[in-house]
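In case you want the letters, here they are:
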Amino acid sequence: MEEIETPLCSCCGRVISPDDNAVHFSCPSCGEITIWRCEQCRKFTNNYKCVKCGFEGP
Ligand SMILES: [Zn+2]
Ligand SMILES: [Zn+2]
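Residues numbered from 1 in each chain as written. Chains lettered and ligands numbered in written order. Predicted model: local features only at pLDDT ≥ 70, side-chain atom pairs only at ≥ 80, totals over all residues. Heavy atoms only, no water.

Caption draft 1: Expanded view of the packing of aromatic side chains. Going through the model one piece at a time under the given rule, you end up with two aromatic pairs. Ring geometry for phenylalanine 25 and tyrosine 48: centres 5.4 Å apart, planes at 70°, overall edge-to-face. Pair noted here: phenylalanine 25 is in strand S1 (residues 23-26) and tyrosine 48 is in strand S3 (residues 48-49), with a separation of 23 residues, a long-range link. For phenylalanine 25, a relative accessible area of 27% puts it in the partly exposed group. For tyrosine 48, a relative accessible area of 5% gives the class buried. (Phe/Tyr/Trp six-rings, centres within 6.5 Å; stacked < 30°, edge-to-face > 60°. Helix = DSSP H or I, 4+ residues; strand = E, 2+ residues; numbered from the N terminus. Buried < 20%, exposed > 50% of the residue type's maximum accessible area, 1.4 Å probe, protein only.)

See below:
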């Protein structure tokens, strides 16, 4: 099985393209989920939510 090939933004749910200025990091709470954040959501500092533990952060 492939790893994540087209990541989805954890804030708005849109597909993140390779040329997007997106960031990704492990969930600060459980560390098991990779949170993705698209350029738009970085700009507007939208909250993300971990799908595993429900952790929400800016
Ligand atoms: Zn987004
Ligand atoms: Zn988590």
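Caption draft 2: A look at the side chain of arginine 37. Looking at the secondary structure, you find arginine 37 in strand S2 (residues 34-37). Of note is the side chain of arginine 37, whose polar atom sits 2.6 Å from the backbone oxygen of asparagine 46. For arginine 37, the contacting residues outside a window of four places in its chain are Cys9, Cys11, Ile16, Ala22, Val23, Phe25, Arg42, Thr45, Asn46, Tyr48 and Pro58. (Polar contact = N/O pair within 3.5 Å; in protein donor to acceptor, adjacent residues only side chain to side chain. Contact = heavy atoms within 4.5 Å.)

Caption draft 3: Spotlight on the side chain of aspartate 20. Examined against the element boundaries, aspartate 20 turns out to sit in the segment before S1. Looking at aspartate 20, the relative accessible area reads 13%, which means it is buried. Apart from residues lying up to four places away in sequence, aspartate 20 is in contact with Arg14, Cys38 and Glu39.

Caption draft 4: Main features of the coordination of the zinc ion (ligand 1). Coordination sphere of the zinc ion (ligand 1), protein contribution only: Cys9 (SG), Cys12 (SG), Cys38 (SG) and Cys41 (SG), at 2.2 to 2.4 Å. Around the zinc ion (ligand 1), the four donor atoms sit at angles spanning 104 to 113°, and that spread fits a shape best called tetrahedral. Taken in chain order, the donor set of the zinc ion (ligand 1) reads C-x2-C-x25-C-x2-C. Both residues of the pair, cysteine 38 and cysteine 41, belong to the buried class. (Donors = N, O, S within 2.8 Å, 3.2 Å for Na, K, Ca; no water. Tetrahedral: all angles 85-135°; square planar, octahedral: opposite > 155°, others 65-115°.)

Caption draft 5: Broad picture of the coordination of the zinc ion (ligand 2). Of the protein atoms, only Cys27 (SG), Cys30 (SG), Cys50 (SG) and Cys53 (SG) coordinate the zinc ion (ligand 2), at distances of 2.3 Å. Metal-centred angles of 106 to 117° between the four donor atoms at the zinc ion (ligand 2) mark the site as tetrahedral. According to the relative accessible area criterion, cysteine 27 is buried, its value standing at 4%. For cysteine 30, a relative accessible area of 25% translates into the label partly exposed.

Note that every value here comes from positions in space, so none of it alone points to a role or purpose.
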